[in-house]
Amino acid sequence: MPTLKTLPPVIAVLFLTACAVPGPGDAPDGIFDPQEAGNRRVHAFNKRVDSALGGGGEGGASAIPAPVLEGVSNVADTLRLPQTVVNQLLQARLGRATRNTLRFGVNATVGLAGLFDVAGRIGLPEDKSDFGETLHVWGFPEGAYIELPLIGPATEREAVGKVVDVALNPLGYFNLPDPERYYSVGIRATGKVADRVAYGDTLDTLLYDSADSYAQTRNSYLAYRRYQIGDTETGAADYIDPEALDTEGF
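A quick note: this is a predicted structure, and the numbers were derived from the prediction, not measured.

Visitor: So what's going on with the overall build of the protein? Residues and values would help.
Guide: Scanning the protein for helices and strands turns up 10 helices and 2 strands. Going from N to C terminus, the protein has its helices and strands arranged as α-α-α-α-α-α-β-β-α-α-α-α. Here the protein holds 250 residues, and the buried ones make up 43% of them. Considering only contacts within the protein whose residues lie at least 6 apart along the sequence, 70% involve residues at least 24 apart.

Here is the structure:
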């Protein structure tokens, strides 16, 4: 697992890579995709996995009762909150970090380990952040677009952010015995499946009804991600429902 000691080399590699990335004005339509051929192969693989899990209206995870999926999604969000708080502190967004700390405390206790989103009902709604956003705040460019196996669309900056987020999650440093140490990973993975079901219609249209699902996914993801982190300089095409694309993989 990545540790805090490995973060400086990872960020240094990102900085060196970014030096070769064209600015937004130099890339056609604000899209820098030099590895498109390989990305398309990964995209085709991800679509096959998604279809096997029930994408495109073929059953699978969609058969799981909605209350179960909602509960798992809530627990996954609660497990992600400490990592979110760390990132918001690194971004110097103390107000957001404080609210998410309160949200974690409420849902982890009154919400029965996050099974119920009690905090959302009392004015502490979900507020996500990650190290990819932290890198943006620190001034790192997004780099080239890439599609990762199983994880889905990303950029070079977001891919580094996903690796670093594993090291930044305080819950990962608790020395839990087997099999408890694997519960968090399983719950978060299942939470992504729950999110996929929740936004099934939107994602099915994107992946299975588009003439070019790869280009549509890429353009929608870049627009959504830039919108999410407040990147107003790069510009992008219209995006689909932002929440639907926040499933970190199809």
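Past the structure itself, the notes keep going.
Visitor: I'd like a rundown of the nonpolar core, residues and numbers included.
Guide: With 10 residues, the main nonpolar core is built from Ile31, Tyr145, Ile146, Leu148, Ala154, Ala159, Tyr214, Tyr221, Leu222 and Tyr224. For this core, the elements supplying multiple residues, two or more each, are strand S1 (145-148) and helix H10 (213-229). With 4 residues, H10 is the single largest residue contributor to this core. Residues in contact with Ala159, not counting those within four places in the same chain, are Ile146, Leu148 and Ala154. The next biggest cluster of nonpolar side chains, apart from the first, holds 6 residues, and it includes Phe131, Leu135, Val160 and Val164.

Visitor: For the packing of aromatic side chains, give the residues involved together with the corresponding values.
Guide: Within this structure, the stated rule accounts for 3 aromatic pairs. With centroids separated by 5.6 Å and ring planes inclined at 90°, the aromatic side chains of Phe131 and Trp138 adopt a geometry described as edge-to-face. On the accessibility criterion, Phe131 (1% relative accessible area) is buried. A relative accessible area of 41% places Trp138 in the partly exposed class.

Visitor: Could you give an account of helix H3 (residues 66-90), naming the residues involved and the relevant values?
Guide: Between its first and last C-alpha, H3 extends 36 Å over 25 residues, near the 36 Å set by a 1.5 Å rise per residue. The largest bend along H3 reaches roughly 35° and is located at Leu81, with the proline Pro82 sitting one to four residues downstream. Backbone geometry just downstream of H3 places Ala92 in the positive-phi region, at approximately 65°.

Visitor: Describe the pairing of strand S2 (residues 152-155), with residues and values.
Guide: Bridge count for S1 against S2 is 4 bridges, and the pairing is antiparallel. Counted as the bridge partner of Glu147 is Pro153 from S2. Two successive antiparallel strands, S1 and S2, enclose a turn made up of 3 residues, where Leu150 displays a positive phi of approximately 70°.

Visitor: Would you mind going over the packing of H3 against helix H4 (residues 94-109) in detail, with residue names and values included?
Guide: Packing of H3 against H4 leaves a shortest axis separation of 9 Å and a crossing angle of 160°. Taken together, H3 and H4 sit at an angle that is classed as roughly antiparallel. Read as a crossing pair, H3 and H4 show a hand that is left-handed. The segment H3 lies against H4, with Asp77, Thr78, Leu81, Pro82, Thr84, Val85, Gln88 and Leu89 engaging Leu94, Arg96, Ala97, Asn100, Thr101, Arg103, Phe104, Asn107 and Ala108. Here the residues of the contact of H3 with H4 sort into 8 nonpolar, 6 polar and 3 charged.

Visitor: Explain the environment of Gly152 residue by residue, including any values.
Guide: In this structure, Gly152 sits in strand S2. Gly152 sits in the buried class, given a relative accessible area of 0%. Put simply, Gly152 and Tyr221 are 69 residues apart on the chain and 9.7 Å apart in space, counted from C-alpha to C-alpha.

Visitor: Residues and numbers for the pattern of salt bridges, please.
Guide: Taken as a whole, this structure holds 18 salt bridges when the rule is applied. Measuring nitrogen to oxygen at the nearest pair gives 3.0 Å for the salt bridge that ties Asp33 to Arg218. Placement of Asp33 in the loop between helix H1 (7-18) and helix H2 (36-52) and of Arg218 in helix H10 is noted, with a sequence separation of 185 residues between them. When sorted by exposure, Asp33 lands in the same class as Arg218, which is buried. The shortest N-O distance in the salt bridge between Asp117 and Arg103 comes to 3.1 Å. Of this pair, Asp117 sits in the loop between H4 and helix H5 (118-121) while Arg103 sits in helix H4; the two residues are 14 residues apart in sequence, bridging distant segments of the chain. By relative accessible area, Arg103 is classed as buried at 3%.

The rules behind the values
- Residues numbered from 1 in each chain as written.
- Predicted model: local features only at pLDDT ≥ 70, side-chain atom pairs only at ≥ 80, totals over all residues.
- Heavy atoms only, no water.
- Helix = DSSP H or I, 4+ residues; strand = E, 2+ residues; numbered from the N terminus.
- Buried < 20%, exposed > 50% of the residue type's maximum accessible area, 1.4 Å probe, protein only.
- Contact = heavy atoms within 4.5 Å.
- Core = buried A, V, L, I, M, F, W, Y, C linked by side-chain atoms within 4.5 Å.
- Phe/Tyr/Trp six-rings, centres within 6.5 Å; stacked < 30°, edge-to-face > 60°.
- Expected span 1.5 Å × (residues − 1).
- Bend = angle between axes of the 7 residues up to and from the residue.
- Pairing = 2+ DSSP bridges.
- Axes fitted to C-alpha atoms, helices over the stretch in contact; angles between N-to-C directions.
- Parallel < 35°, antiparallel > 145°, perpendicular 65-115°, else oblique.
- Left-handed = near helix turned anticlockwise from the far one by under 90°.
- Nonpolar A, V, L, I, M, F, W, Y, C, P; charged D, E, K, R; others polar.
- Salt bridge = Lys/Arg side-chain N within 4 Å of Asp/Glu carboxyl O.

Honestly, it's all geometry; don't read function into it.
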